[in-house]
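Read off the chains here:
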Amino acid sequence: MVKKAGLSKGIILPAREKIKYVVLSVLICSLIGWLFYRNLGAAAVMCILPLMYYRRFVLYVEERSRERINIQFKDVLYAFSDSAASGKQAASAVYGAYDSLKRIYGENDRLTMEFEQMCVRIRETNEAPEKILMDFALECGVEDIRSFMEIYCICIKSGGSREKAINKAAGIISDKINLRKELGNILVQKKLEAVILCSIPPAVLMFMQMTSGEYGEVLYSTVQGRIIMTICLGAALWAVNLCMKIMDIKI
């Protein structure tokens with residue numbers, strides 16, 4: 001029985017990841033609601049926020065998965081390059097790529113399972129390997145992989161130089177990956193700075209309540225104070241969203 005990777009249907013989060021997201025986000029949002037309103041009802045209402053950001057969390061996990069697949073695809077390129085250099089057909093390249101992925105990343109890896117499915121389709125059906133490869137390229141949602149598979153299949157049909165095409169594609173993908181790594185190193189520091197900045201308002205409120213709670217009592221006991229705290233909370237959430245958009249850089 002072949003395990004389904006489910007590339008075409010996107011990421012299906014494991015139950016453990018869902019529970020982890022719900023527990024952490026509910027605790028954080030409840031704490032923020034209590035700090036800004038000092039009211040259990042407001043803290044409970046704040047628990048709605050994780051539902052609003054759940055879709056964004058899923059997209060983030062899916063993007064990370066696709067990035068991982070893109071990086072792993074370098075090992076697939078080596079198998080295709082060896083197959084082309086030795087004059088073997090596309091089916092041999094798929095088998096070689098599956099063996100390499102299974103040895104490096106294990107049988108339960110997402111990309112390994114996808115190539116396992118392709119091997120089964122090649123053995124048990126009359127489908128052309130080129131069609132199977134293109135189906136995979138369209139389903140995975142990674143532009144680099146789709147472009148490579150299109151070039152590879154065109155070379156097979158037209159008799160072009162597969163080895164040359166593979167080497168060129170490998171160079172382009174490697175350059176992109178190196179650029180992503182450099183950009184990631186730069187963004188690590190910026191993300192840390194963003195986390196610190198976004199945590200300052202709750203930290204100040206917590207410190208104020210722990211040291212001199214009566215000093216800010218007017219903010220929690222009057223209508224004007226509630227309005228001011230609501231504006232402050234809205235500004236903090238806007239800043240978080242702005243930071244996320246600024247650092248959402250794609251190559």
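Structure: above.
All figures in this text were calculated on a predicted structure; none of them were measured in a lab.

Rules used in this analysis
- Residues numbered from 1 in each chain as written.
- Predicted model: local features only at pLDDT ≥ 70, side-chain atom pairs only at ≥ 80, totals over all residues.
- Heavy atoms only, no water.
- Helix = DSSP H or I, 4+ residues; strand = E, 2+ residues; numbered from the N terminus.
- Rg over C-alpha atoms; globule rule 2.2 N^0.38 Å.
- Buried < 20%, exposed > 50% of the residue type's maximum accessible area, 1.4 Å probe, protein only.
- Contact = heavy atoms within 4.5 Å.
- Lys, Arg positive; Asp, Glu negative; His and termini not counted.
- Charge placed at Lys NZ, Arg CZ, Asp CG, Glu CD.
- Axes fitted to C-alpha atoms, helices over the stretch in contact; angles between N-to-C directions.
- Parallel < 35°, antiparallel > 145°, perpendicular 65-115°, else oblique.
- Left-handed = near helix turned anticlockwise from the far one by under 90°.
- Nonpolar A, V, L, I, M, F, W, Y, C, P; charged D, E, K, R; others polar.
- Core = buried A, V, L, I, M, F, W, Y, C linked by side-chain atoms within 4.5 Å.
- Phe/Tyr/Trp six-rings, centres within 6.5 Å; stacked < 30°, edge-to-face > 60°.
- Polar contact = N/O pair within 3.5 Å; in protein donor to acceptor, adjacent residues only side chain to side chain.

Visitor: Is there a simple way to explain the overall build of the chain in this structure?
Guide: What the chain contains, in helices and strands, is 10 helices and 0 strands. For the chain, the sequential pattern of α-helices and β-strands runs α-α-α-α-α-α-α-α-α-α. For the chain, whose C-alpha radius of gyration is 25 Å, the value lies well above the compact-globule estimate of 18 Å for 251 residues. Taking the principal axes of the C-alpha coordinates as reference, the chain spans close to 80 × 40 × 25 Å. The buried share among the 251 residues of the chain stands at 35%. Across the chain, every contact between residues at least 6 apart in sequence was considered, and the portion connecting residues at least 24 apart equals 66%. The average position of the 33 basic charges and that of the 26 acidic charges among the side chains of the chain differ by 2 Å.

Visitor: Please explain the packing of helix 3 (residues 49-85) against helix 5 (residues 110-124) as it appears in this structure.
Guide: Geometry of a packed helix pair, given as the angle between the helix axes and the separation of the axes. Helix 5 packs onto helix 3 with a crossing angle of 50 degrees between their chain directions and a minimal axis gap of 9 Å. Judged by the angle between their axes, helix 3 and helix 5 are oblique. Note that helix 3 runs across helix 5; the crossing there is right-handed. Mapping the contact onto sequence places S65, R66, I69, Q72, F73, V76 and F80 in helix 3 and R110, L111 and F115 in helix 5. A class-by-class count of the residues in the contact of helix 3 with helix 5 yields 6 nonpolar, 2 polar and 2 charged.

Visitor: How do you make sense of the nonpolar core when you look at a structure like this?
Guide: Across soluble globular proteins, nonpolar side chains have a tendency to be buried as a group. F80, F115 and M149 are the most contacted members of the largest nonpolar core, which totals 36 residues. Only helix 3, helix 4 (90-105), helix 5, helix 6 (129-140), helix 7 (143-158) and helix 8 (162-212) provide two or more residues apiece to this core. Those residues within four positions of F80 in sequence are excluded, and the remaining contacts are A93, A97, F115, L133, F148, M149, Y152 and I166. Counting residues in hydrophobic clusters, the runner-up holds 12 residues, among them F36, A42, Y220 and M229.

Visitor: How should I be thinking about the packing of aromatic side chains in this particular structure?
Guide: Considering all chains together, one arrives at 7 aromatic pairs under this definition. With a centroid separation of 4.5 Å and 15 degrees between ring planes, the pair formed by Y21 and F57 is classed as stacked. Of this pair, Y21 sits in helix 1 (residues 15-37) while F57 sits in helix 3; the two residues are 36 residues apart in sequence, bridging distant segments of the chain. With respect to class, Y21 is no different from F57; both count as buried. Plain terms: the ring middles of F148 and Y152 are 5.9 Å apart, the flat faces sit at 25 degrees to each other, and that makes the pair stacked. Of the two residues, F148 and Y152 are both situated in helix 7; the distance of 4 residues between them amounts to about one turn of the helix. Residue F148 is classed as buried on the basis of its relative accessible area, which comes to 2%. Counting every residue linked through ring pairs, the aromatic cluster contains F73, F80, F148 and Y152.

Visitor: How should I be thinking about the side chain of S25 in this particular structure?
Guide: Within the fold, S25 resides in helix 1. Side-chain polar atoms of S25 contact the backbone oxygen of V22, separated by 3.2 Å.

Visitor: Any chance you could explain the environment of S81 here in plain terms?
Guide: Among the structural elements, S81 can be located in helix 3. Look at S81 and you get buried, because its relative accessible area is 16%. Counting along the chain gives 146 residues from S81 to I227, while the straight-line C-alpha distance between them is 64 Å. If near-sequence neighbours (up to four positions away) are discounted, S81 is found in contact with I166 and N167.

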